[in-house]
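Here's the letter readout for the chains.
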Amino acid sequence: MPKKSLLIVYHSKSGSTERMAQAVIEGAVSIDSDSVAINAKSAFQANADDLLIANALILGTPENFGYMSGALKDFFDRTFYEVEGKLSPLPYAVFIKASTDGTGALTAIQRIARGYPFVESQEALVVKGDLTDKHLEKCRELGLTFAAGLDLGIY
């Protein structure tokens, strides 16, 4: 049986979103499954081929000027037409490191995601202000939930 792929695509400039991404990855690999492959890439490295083999997707971004990072937007720009009509609905979740409220970034991601088609499968994790250990634990739970869902055949 081929492995199912969890694709984690993120961008970080200051390091906070990177810490969140690493916690998501830690949670995902903690299930120690032979049936799930974790594919984590920066938004600039991820491409259409990664999406085409993914069974689930987690997106991470800082909030920049009330929007997602330019790098995540670039990922969407580079992959949309390449995968258009080739993707089955793909379960996804989002984590955002926000300076204000993260609403603009989340709304933009959700709007773009509907066109792929991505299906929001877990409430977005938006961290406002300083990143704490509690926030990082929620990131681990996010990664764990998606990897376990793939392992159990939920996704």
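Structure: see above.
Attention here is on the structure that accompanies the text. (Residues numbered from 1 in each chain as written. Predicted model: local features only at pLDDT ≥ 70, side-chain atom pairs only at ≥ 80, totals over all residues. Heavy atoms only, no water.)

1. A short note on the packing of aromatic side chains
Here the structure, examined in full by the defined rule, presents 7 aromatic pairs. Seen from their ring centres, Tyr92 and Phe118 are 5.8 Å apart, and the 50° between their planes marks the pair as tilted. In this pair, Tyr92 is assigned in strand β4 (residues 90-98) and Phe118 in strand β5 (residues 118-120), connecting sequence segments 26 residues apart. We note that Tyr92, like Phe118, is buried. Relative to Tyr155, the ring of Phe146 has its centre 4.9 Å away and its plane inclined at 20°; by these criteria the two rings are stacked. (Phe/Tyr/Trp six-rings, centres within 6.5 Å; stacked < 30°, edge-to-face > 60°. Helix = DSSP H or I, 4+ residues; strand = E, 2+ residues; numbered from the N terminus. Buried < 20%, exposed > 50% of the residue type's maximum accessible area, 1.4 Å probe, protein only.)

2. A look at unusual backbone geometry
Here the bond from Tyr116 into Pro117 is cis, since omega is 15°, no more than 30 degrees from zero. On the secondary structure map, Pro117 appears in the loop between α4 (103-115) and β5. One non-glycine residue, Asp32, lies in the positive phi region at around 50°. Assignment of secondary structure puts Asp32 in the loop between α1 (16-29) and β2 (36-42). On the accessibility criterion, Asp32 (69% relative accessible area) is exposed. Of note, the phi angle at Phe65 is positive, near 55°, even though the residue is not glycine. With respect to the helices and strands, Phe65 occurs in the loop between β3 (56-62) and α3 (70-83).

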